[in-house]
Protein chains: 2
Amino acid sequence: MLQAALELTDEVGLEGLSMRKLGQRLGVEAMSLYNHVDGKDDVVGAIVDAVWSLVPAPDPSASWREQLRSSAIDLHHAFVRHPWACVFFPPSVGPARLRAMESMLRALHDGGLPAAVAYHAHHVIDAYVIGFTHQMSGYVPPDLTGPDGKELDPKVYVQSIGGELPHLAEHIDLHGVEESLGLGSGFEFGLDLVLDGLARHVPGEPR
Amino acid sequence: MLQAALELTDEVGLEGLSMRKLGQRLGVEAMSLYNHVDGKDDVVGAIVDAVWSLVPAPDPSASWREQLRSSAIDLHHAFVRHPWACVFFPPSVGPARLRAMESMLRALHDGGLPAAVAYHAHHVIDAYVIGFTHQMSGYVPPDLTGPDGKELDPKVYVQSIGGELPHLAEHIDLHGVEESLGLGSGFEFGLDLVLDGLARHVPGEPR
DNA sequence: ACCTGAACACCGTTCAAGT
DNA sequence: ACCTGAACACCGTTCAAGT
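Residues numbered from 1 in each chain as written. Chains lettered and ligands numbered in written order. Predicted model: local features only at pLDDT ≥ 70, side-chain atom pairs only at ≥ 80, totals over all residues. Heavy atoms only, no water.

On to the layout of surface pockets, then. Volume-wise, the largest pocket comes out at about 1,500 Å³. Forming the walls of the largest pocket are 38 residues, and the residues nearest its centre are E15 and V87 of chain A together with E15, V87 and H134 of chain B. Those elements that place two or more of their residues in the lining of the largest pocket are α1 (2–16), α3 (40–52) and α6 (115–138) of chain A together with α1 (2–16) and α6 (115–138) of chain B. With seven residues, the single largest contributor to the lining of the largest pocket is α1 of chain A. Among the residues making up the lining of the largest pocket, the classes are represented as 23 nonpolar, ten polar and five charged. (1 Å grid on protein atoms, 1.4 Å probe; cavity = no way out; pocket = protein on both sides within 12 Å on 5 of 7 lines; lining within 4 Å. Points joined across faces, edges and corners; volume = space filled by probe spheres on them. Helix = DSSP H or I, 4+ residues; strand = E, 2+ residues; numbered from the N terminus. Nonpolar A, V, L, I, M, F, W, Y, C, P; charged D, E, K, R; others polar.)

A few words now on the protein's contact with DNA strand C. Around DNA strand C there are 16 residues in total, and R20, Y34 and K40 of chain A together with N35 and H36 of chain B lie nearest to it. Measuring from a base nitrogen of DNA strand C, one finds a side-chain N or O atom of R20 of chain A at 2.4 Å. A distance of 3.3 Å separates a phosphate oxygen of DNA strand C from a polar side-chain atom of H36 of chain B. The element best represented in the surface near DNA strand C is helix α2 (residues 19–25) of chain A, accounting for three residues. Of the residues in the surface near DNA strand C, the class split is six nonpolar, five polar and five charged. (Near = heavy atom within 4 Å. Polar contact = N/O pair within 3.5 Å; in protein donor to acceptor, adjacent residues only side chain to side chain.)

In this section: the protein's contact with DNA strand D. Looking at DNA strand D, there are 16 residues lining it, with N35 and H36 of chain A together with R20, Y34 and K40 of chain B nearest. A share of 51% of the atoms of DNA strand D within 4 Å of the protein falls on sugar and phosphate groups. The contact in question runs from a phosphate oxygen of DNA strand D to an N or O atom on the side chain of S32 of chain A, over 3.1 Å. K40 of chain B is positioned with one of its backbone polar atoms (N or O) 2.9 Å from a phosphate oxygen of DNA strand D. Here the element with the most residues in the surface near DNA strand D is helix α2 (residues 19–25) of chain B; it accounts for three residues. A breakdown of the residues in the surface near DNA strand D according to their chemical character gives six nonpolar, five polar and five charged.

Any aromatic ring pair is given by two values, namely how distant the centres are and how the planes are angled relative to each other. Taken as a whole, this structure holds eight aromatic pairs over all chains when the rule is applied. With centroids separated by 5.5 Å and ring planes inclined at 45°, the aromatic side chains of Y128 of chain A and F132 of chain A adopt a geometry described as tilted. Of this pair, Y128 of chain A and F132 of chain A are both found in helix α6, four residues apart, which corresponds to roughly one turn of the helix. This pair shows no difference in class: Y128 of chain A is buried, exactly as F132 of chain A is. Centre to centre, the rings of Y128 of chain B and F187 of chain B are 5.6 Å apart; their planes meet at 15°, and the pair counts as stacked. (Phe/Tyr/Trp six-rings, centres within 6.5 Å; stacked < 30°, edge-to-face > 60°. Buried < 20%, exposed > 50% of the residue type's maximum accessible area, 1.4 Å probe, protein only.)

Between its terminal C-alpha atoms α1 of chain A stretches only 16 Å, short of the 21 Å expected from 15 residues at 1.5 Å a residue. By the largest-angle criterion, D10 of chain A marks the main kink of α1 of chain A, which is about 85°. (Expected span 1.5 Å × (residues − 1). Bend = angle between axes of the 7 residues up to and from the residue.)

Let us look at the pattern of salt bridges. Within this structure, the stated rule accounts for 18 salt bridges over all chains. Among the salt bridges present, the one from E188 of chain A reaches R69 of chain A, with a minimum N-O distance of 3.0 Å. With E188 of chain A in helix α9 (residues 186–199) and R69 of chain A in helix α4 (residues 64–81), this pair connects stretches of sequence that are 119 residues apart. For R69 of chain A, the salt bridge identified is with D192 of chain A, shortest N-O distance 2.7 Å. Taken together, the residues span a long stretch of sequence, with R69 of chain A in helix α4 and D192 of chain A in helix α9 at a distance of 123 residues. Overall, the relative accessible area of 17% leaves R69 of chain A in the buried class. A residue is classified by how much of its surface remains accessible, and D192 of chain A, at 22% relative accessible area, is partly exposed. Here the residues in one salt-bridge network are R65, R69, E188, D192 and D196 of chain A together with R200 of chain B, joined through shared partners. (Salt bridge = Lys/Arg side-chain N within 4 Å of Asp/Glu carboxyl O.)

Written out as structure tokens, the structure is:
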């Protein structure tokens, strides 16, 4: 049934998931589900944790930086595949997510970061990975087809809403060609900003 | 009416906001609202943009770094006051948010950051500010009162869910005393990691 | 132009009743 | 032990009817 819930949510999203539809998919009335599950929050918590369980534990023999980096990227990919799971507060925090948190804190600690830095680093990285991925996979480009059916210039589109906003119009112009800017993916660019900053907090390895 | 919607949402949250309750507060049936507004998405988009309008435009004579930093902190505070507005995708992006985006992109451009860096920086900072603030203000500490009414040790609480997770237990122990770690707020710590990283991309000012 | 009541198509969840 | 139908308390939204 957990499998059915996950597939259904992949198809219809978290908003579209309902006990009635889930029952229907299982060939059963919605009310029967309450014999196996506490309620909707229970199933949402379970399927979100199932996505967390897809990210492999980091290699403890790698450097702290490589562990954090590859875990963040693996998590990012899992959320790209299941965008509805990219959420700060699922109804409950399951064991898979707890294990991921433990791995990250262990890597920071073993890497020699001061406790205060490790404490904040954990929240900063979580916020960045979930935040950026959520933002990225939820984005839908604005509809640029004008009332006459022709494509609007970003400049006039932006102006129609907010007035004279030249930098914003230029920014929208770069959509779709951002990979050609020579900086790699936006996600990794930001991730490395954070990790580089953390590296400068490792005592004994200044730079 | 926009004012009433904002106050109501401050009280009951975004989940609690309904056309019926909003009508009730205005002394009118819910269906009357559709004469003044396109639908619920319309009012949510409007009140979210009203919160964005609370953050002042940055001082253009300040350095790009100071502009970004103080805008991010102002936005953070606005979202702490109105947590329901701290959302990546409101039903619509209003003029206040567009103006904030323009100010940020202008500061990055005038500060001499390469176009590719400015492009990604915008998304990274947005993701971080919204992500961290959302995470922070939505967090509710786990209920540590055991079945006998006594307070559980974080170690045994964490173990009851996920097994042996020593670093996570230690992390939970630091909750509430994180301000005493000597690194300032977690939000500003992460923000400075990002801004410091961006500063190293300014050509001609190596370091 | 603005408001209203009834209705429609949905929700999560409870509960007594069945097997 | 598991399933069911009816019901409750909610949603957003439409639409014909009123003033």
